[in-house]
Amino acid sequence: MTLIQDVPVPVIAKVNGLATAAGCQLVASCDIAVATDKSKFATPGVNIGLFCSTPAVALGRSVPRKVALEMLFTGEPISAQDALLHGLLTKVVPEDKLEEETMKIAFKICQTSRSVVALGKSTFYRQMAQGRNAAYHIATQVMVDNLALKDGQEGINAFIQKRKPQWIHTTESAQE
């Protein structure tokens, strides 16, 4: 599960049904999660004498503490709407729109620079583990590094010239 946040590309969960225990953990670990309005999420291990300790790690970082603990202590499922309300999901859609909405998000991401997205994803998770001041320090330095990338410069030039950027998806600096 930890690899999901370490891979350089966004990982999108697409849920149509019941996601329990490690399935719920997987959804909580993904960068983006889209589910049908009929989907439910639970950590029911407590009901069979096996507390969902590892799912609790991801769940506790995705939803408020009290929501996570109620799910973990009772094993009762929450609805897709409640999961959306509490931050476990990005979007809830009708079942017939699940593929379309998930692909729409993926396609939009694919229109951006892979190197910039990878840098942004890595920085997001790194700064989340820090206090506010340290997080701003990290993010400020990464912003400077991002501006130096060839794709960073291409994005700025395209914006100024009012044209669509032509990404080269490299981590090379514009000065190289």
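Above this note sits the structure.
What you see is a predicted model; the values in this text were computed from it and never measured. (Residues numbered from 1 in each chain as written. Predicted model: local features only at pLDDT ≥ 70, side-chain atom pairs only at ≥ 80, totals over all residues. Heavy atoms only, no water.)

*Asks:* Residues and numbers for the pairing of strand S1 (residues 12-15), please.
*Replies:* Side-chain alternation along S1 places Ala-13 and Val-15 on a buried face and Ile-12 and Lys-14 on a face that remains uncovered. Across four bridges, the pairing between S1 and strand S3 (residues 32-36) is parallel. Across the sheet, the residue bridging to Lys-14 is Val-34, located in S3. (Buried < 20%, exposed > 50% of the residue type's maximum accessible area, 1.4 Å probe, protein only. Helix = DSSP H or I, 4+ residues; strand = E, 2+ residues; numbered from the N terminus. Pairing = 2+ DSSP bridges.)

*Asks:* Which residues make up a nonpolar patch on the surface, and what values go with them?
*Replies:* Taken together, the side chains of Met-143, Leu-147, Ile-156, Phe-159 and Ile-160 present a nonpolar region at the surface, about 550 Å² in accessible area. Note that Phe-159 resides in helix H9 (residues 150-160). A residue is classified by how much of its surface remains accessible, and Phe-159, at 68% relative accessible area, is exposed. (Patch = residues over 30% accessible without salt bridge, like charges linked within 9 Å, V, L, I, M, F, W, Y side chains within 5 Å. Areas by Shrake-Rupley, 256 points an atom, 1.4 Å probe, with all protein chains shown as cover. Salt bridge = Lys/Arg side-chain N within 4 Å of Asp/Glu carboxyl O.)

*Asks:* Lay out the sheet that holds strand S2 (residues 18-20) in plain terms, naming residues and giving numbers.
*Replies:* Taking strand neighbours across the sheet as the criterion, the three strands line up as S2-S4-S5 in an open arrangement whose pairing is mixed. Two strands in the sheet have a free side with no partner beyond their single neighbour: S2 and strand S5 (78-79). Note: S2 against strand S4 (residues 40-42), three bridges, orientation parallel. Opposite Leu-18, over in S4, you have Lys-40 as the bridge partner. Helix H2 (residues 22-29) rests against S2 and S4 of the sheet, and its axis sits at about 95° to S2. (Contact = heavy atoms within 4.5 Å. Axes fitted to C-alpha atoms, helices over the stretch in contact; angles between N-to-C directions.)

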